[in-house]
Amino acid sequence: MAAAPRTQRQKEIRRHLWIYGAITPYVVVAIFPIYWMALTAFKQDPDLYRMDQFPLWFHMAPTWKNFSYLFYSTNYGAWIVNTMMIAAWVAVITLVIAVPAGYALARLRIPGSENLGIAVFMTYLVPGIILFIPLARVVSMVGLQDSWWALVLVYPTITIPFCTWLLMGFFKTVPMEMEEAARVDGCGYLGALLRIVLPVSVPGILTAVIFAFTLSMQDFLYGLAFVAPGDQKPVTVGVPTELIRGDVYYWGSLMAAALMVGLPVAILYNFFLDRFIQGITGGVGK
Amino acid sequence: MTASSSRGGPEAASPRAAAVSIVVRARPRRWFSSQTSRRLAFGYLLLAPAVLYVLLLVGAPFLFSLFLALSDASVADTTASFVGLENFRAAFESDVFYIALRNSIGFTVVAAVFKGLLGTSLAFLLLQPFWGRKFIRGLVVIPFTLPISISVLGWKWMYDSQFSVINWFLSRIGVIGTYGSAGWPVWLGEPHLALLACIMVNVWRNFPFSAIVLLAGFTSVPTEILDAARVDGTNFFQRFRHVVVPMIAPILLIGLLFDTVFTLSDLGVVYLLTQGGPANATKILPVLAYQVGIQAGALGRGAAIALFLFPLLLPLMILMLRNLKRREY
């Protein structure tokens, strides 16, 4: 009898080794570019541009030079501020518009609300590449060309459909009885929404804020097409377009600039990825 | 709530509804002050900003792009005149357009095959219970969560003509010679390699997405059904083919559609890596539309080229629409 648990344990260990062995190539492929970027960001130039030594580790002391260069000699600081301001405004606009819409579609039994919800969601699938030329006209019509405010105007076209859909699913999970009880107690529809439904929906609303942020960070096209002045660009456009001088690439500072923004966004998005997948697959897989 | 009042609006004014409210409230009220109409008015009020925003900034621009495609609008000249199908004819007569169309379709199909293979195998691995699974999953999905322009920059450096780390590795294991030798690949400089390089970035970025979508599908299949099939004497592939695939078909389709839309309409990867070069080898429709519409300022031509993506996407969208209608919470 004493041998039974041990063989069970050995079986488990063997199974784990097999899985780790099989999954390692995937992890290496996924992570290697990021490791390489990080290494490049901290390497000194003489260490970077040579092929005769093992390139995957440092041969000279790591340096912060690439990072300080960004803040002292480029618009990097301004791009980060732009990006933060854009994200904050997009989040506010998205919430103000998507929360009421999601609530109305989920709870107020509007005729055809299911179809309307799908129609709103489908607009998420209209790709920017079809819209960016006419939107360029819209942006210049309202006089926002050449400033990051143009992106505050257009990014909600991506975030509102997605967040409305997400919140619609979320509001459907709030128990109906609570609102009805509140209305019986003398709250109107607005009162029930503000005092009962919103407080219990804070997690859903926070998720929507995160997506307003991460989805607008994934854009490249609109930022490239609508914002030309160097100091107005969001960081995701400024880094690849402004930090390259002619044909000369300063890879160290480029990688430093890329990772400093990319990694926090990637990690934040990572925690909410399941909600994203649930959102687009319509909650089929829980 | 009765059927008629839940539909709301004018129906509530019907004699029957009025009779009901007489019984309930002892005093007849006009329909517009009824519970239902107030609820609907509140609902439409809440919905209006979203509908307006979408109509003004997605609907109207889409129609406007149809108009632009039929006009000779350009950045330089503010007056645009109607030219009919001239822009489409011009597109069909240019060789670059055909190259871009062919590259777009080839890119999307080849990338989808690899994403499907890598995604499915990874999803099966992540389906197994093992220690540290959450952490490994978090690592593997990083390519998808990293902003696209950021990760493409990293790849551009890995594809460097001289200091490519990929070439260092290939050289070390003896597949190619040292720098300067005949077989040294210049990833972004040789036509067939450049397209492959772009496809590789797309696959790297999106295979975690395929895996996570499939994983969500697999975990939605109840284990009882699989056990029942096992008791009936089916083998793994039979269970996969006849039980798992039909059950996860909707989620599979949605994942595929999303990925196709994202891939087909993506400008970032190719624009940042090669700008469509060398010699149009990586020219795809989004890059061509951007170069013609914004860089050359021919808005009408650009809009017409971008609109060619629509017939490619439309069948997928219709499939998706039918799928979403059947969803349940």
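Parameters at a glance
Residues numbered from 1 in each chain as written. Chains lettered and ligands numbered in written order. Predicted model: local features only at pLDDT ≥ 70, side-chain atom pairs only at ≥ 80, totals over all residues. Heavy atoms only, no water. Helix = DSSP H or I, 4+ residues; strand = E, 2+ residues; numbered from the N terminus. Contact = heavy atoms within 4.5 Å. Areas by Shrake-Rupley, 256 points an atom, 1.4 Å probe, with all protein chains shown as cover. Rg over C-alpha atoms; globule rule 2.2 N^0.38 Å. Buried < 20%, exposed > 50% of the residue type's maximum accessible area, 1.4 Å probe, protein only. Lys, Arg positive; Asp, Glu negative; His and termini not counted. Charge placed at Lys NZ, Arg CZ, Asp CG, Glu CD. 1 Å grid on protein atoms, 1.4 Å probe; cavity = no way out; pocket = protein on both sides within 12 Å on 5 of 7 lines; lining within 4 Å. Points joined across faces, edges and corners; volume = space filled by probe spheres on them. Nonpolar A, V, L, I, M, F, W, Y, C, P; charged D, E, K, R; others polar. Buried area = accessible area lost by both parts, 1.4 Å probe. Salt bridge = Lys/Arg side-chain N within 4 Å of Asp/Glu carboxyl O. Polar contact = N/O pair within 3.5 Å; in protein donor to acceptor, adjacent residues only side chain to side chain. Domains from an automatic or database assignment. Phe/Tyr/Trp six-rings, centres within 6.5 Å; stacked < 30°, edge-to-face > 60°. Core = buried A, V, L, I, M, F, W, Y, C linked by side-chain atoms within 4.5 Å.

1. Thoughts on the overall build of chain B
Piece 1. Of the regular secondary structure elements, chain B holds 16 helices and zero strands.
Piece 2. Across chain B, contacts joining residues at least 24 apart in sequence account for 62% of those joining residues at least 6 apart.
Piece 3. Summed over all atoms, the accessible surface of chain B reaches about 15,600 Å², with 68% contributed by carbon and sulfur.

2. With respect to the overall build of chain A
Piece 1. Within chain A, the secondary structure is distributed over 14 helices and zero strands.
Piece 2. In sequence order, the secondary structure elements of chain A are arranged as α-α-α-α-α-α-α-α-α-α-α-α-α-α.
Piece 3. Relative to the compact-globule value of 19 Å for 286 residues, chain A shows a C-alpha radius of gyration of 25 Å, a clear excess of over 25%.
Piece 4. Dimensions along the principal axes, computed over C-alpha positions, put chain A at roughly 80 × 75 × 30 Å.
Piece 5. Counting the 286 residues in chain A, one finds 55% classified as buried.
Piece 6. Taking the intrachain contacts of chain A between residues at least 6 apart in sequence as the baseline, contacts between residues at least 24 apart amount to 74%.
Piece 7. Put simply, chain A shows about 12,100 Å² of open surface, and 67% of that area lies on carbon and sulfur atoms.
Piece 8. The average position of the 18 basic charges and that of the 15 acidic charges among the side chains of chain A differ by 10 Å.

3. Details of empty space enclosed by the protein
Piece 1. Per the counting criterion, the structure on display carries four cavities of 30 Å³ or more.
Piece 2. What the largest cavity holds in volume is close to 690 Å³.
Piece 3. Looking at the largest cavity, it is lined by 32 residues, and the ones nearest its centre are I158(A), Q218(A), D219(A), F262(B) and S265(B).
Piece 4. Those elements giving two or more residues to the lining of the largest cavity turn out to be helix 6 (128–141), helix 8 (156–171), helix 12 (221–226) and helix 14 (251–280) of chain A together with helix 10 (191–219), helix 12 (236–264) and helix 13 (268–273) of chain B.
Piece 5. Among the residues forming the lining of the largest cavity, the class breakdown is 20 nonpolar, nine polar and three charged.

4. A word on the interface of chain A and chain B
Piece 1. Between chain A and chain B, the contact holds 100 residues from the first and 101 residues from the second.
Piece 2. In total, chain A and chain B occlude about 9,400 Å² of area from one another, counting both sides; carbon and sulfur atoms represent 79% of this.
Piece 3. For the salt bridge of D274(A) with R137(B), the shortest nitrogen-to-oxygen distance reads 3.1 Å.
Piece 4. The tally of links between chain A and chain B comes to 16 residue pairs in polar contact (both at pLDDT 80 or more).
Piece 5. The greatest single-element share of the side of chain A that touches chain B, amounting to 18 residues, is contributed by helix 1 (residues 3–42) of chain A.
Piece 6. For the side of chain A that touches chain B, the per-class residue count stands at 77 nonpolar, 15 polar and eight charged.

5. Description of the domain arrangement of chain B
Residues and elements named next belong to chain B.
Piece 1. When the domains of chain B are assigned, the result is domain 1 (3–69) and domain 2 (86–325).
Piece 2. In this assembly, five residues from domain 1 lie in contact with seven residues from domain 2.
Piece 3. Summing both sides of the interface, domain 1 and domain 2 together bury roughly 480 Å²; the carbon and sulfur share of this comes to 77%.
Piece 4. When the buried surface of domain 1 facing domain 2 is broken down by residue, F62, L68 and A69 rank first, second and third, together holding 82% of it.
Piece 5. Between the two partners, domain 1 and domain 2, sit zero salt bridges.
Piece 6. Where domain 1 touches domain 2, the interface holds one residue pair in polar contact (both at pLDDT 80 or more).
Piece 7. Here the side of domain 1 that touches domain 2 is built from residues that sort into four nonpolar, one polar and no charged.

6. Observations regarding helix 13 (residues 235–242) of chain A
Piece 1. Extensive coverage of helix 13 of chain A is indicated by the burial of six of its eight residues.
Piece 2. Buried within helix 13 of chain A we find V235(A), T236(A), V237(A), G238(A), V239(A) and P240(A).
Piece 3. Against the buried residues of helix 13 of chain A lie helix 4 (76–107), helix 11 (202–217), helix 12 and helix 14 of chain A together with helix 8 (148–158) and helix 13 of chain B.

7. As for the packing of aromatic side chains
Piece 1. Within the structure shown, the criterion is met by 55 aromatic pairs over all chains.
Piece 2. Ring geometry for F220(A) versus Y271(B): centroids 6.1 Å apart, planes at 50°, classification tilted. Of this pair, F220(A) sits in the loop between helix 11 and helix 12 while Y271(B) sits in helix 13, which puts the two residues in different chains.
Piece 3. Three or more aromatic residues joined by ring pairs make a cluster, and in this case those are F121(A), Y124(A), F162(A), W165(A), F211(A), Y269(A), F276(A), F144(B), F209(B), F258(B) and F262(B).

8. Notes on the domain arrangement of chain A
Piece 1. Each assigned domain of chain A is listed here: domain 1 (16–63) and domain 2 (89–236 + 264–280).
Piece 2. Using only C-alpha atoms to locate each centre, domain 1 of chain A and domain 2 of chain A end up separated by 38 Å.

9. A look at the environment of M60(A)
All names here are of chain A.
Piece 1. Along the chain, the position of M60 falls in the loop between helix 2 (45–48) and helix 3 (65–73).
Piece 2. Separated by 182 residues in the primary sequence, M60 and E242 place their C-alpha atoms 28 Å from one another.
Piece 3. Beyond its immediate chain neighbours, meaning those up to four positions away, M60 contacts Q44, P46 and D47.

10. Digging into the side chain of K233(A)
Residue and element names in this part refer to chain A.
Piece 1. As for its position among the elements, K233 is in the loop between helix 12 and helix 13.
Piece 2. Given the relative accessible area of 7%, K233 is considered buried.
Piece 3. Engagement of the side chain of K233 in a polar contact is seen with the side chain of E242, the distance being 3.1 Å.
Piece 4. In this structure, K233 is in contact with W79, N82, V227, A228, G238, T241 and E242, ignoring residues within four places of it in sequence.

11. Describing the nonpolar core
Piece 1. Membership of the largest hydrophobic core comes to 180 residues, with the highest contact counts inside it found for Y222(A), F226(A) and F276(A).
Piece 2. Of the residues forming this core, the biggest block, 15 residues, is contributed by helix 14 of chain A.
Piece 3. Excluding anything up to four places from it in sequence, F276(A) contacts Y124(A), F162(A), F211(A), L215(A), Y269(A), F144(B) and F209(B).

12. Side note on the pattern of salt bridges
Residues and elements named next belong to chain B.
Piece 1. All told, the structure shown has eight salt bridges over all chains when counted by the stated rule.
Piece 2. Here R89 and E93 are joined by a salt bridge, their closest N and O atoms 2.8 Å apart. Residue R89 and its partner E93 are located together in helix 4 (residues 86–93), separated by four residues, close to a single helical turn.
Piece 3. On the basis of relative accessibility, which here comes to 42%, the residue R89 falls in the partly exposed class.

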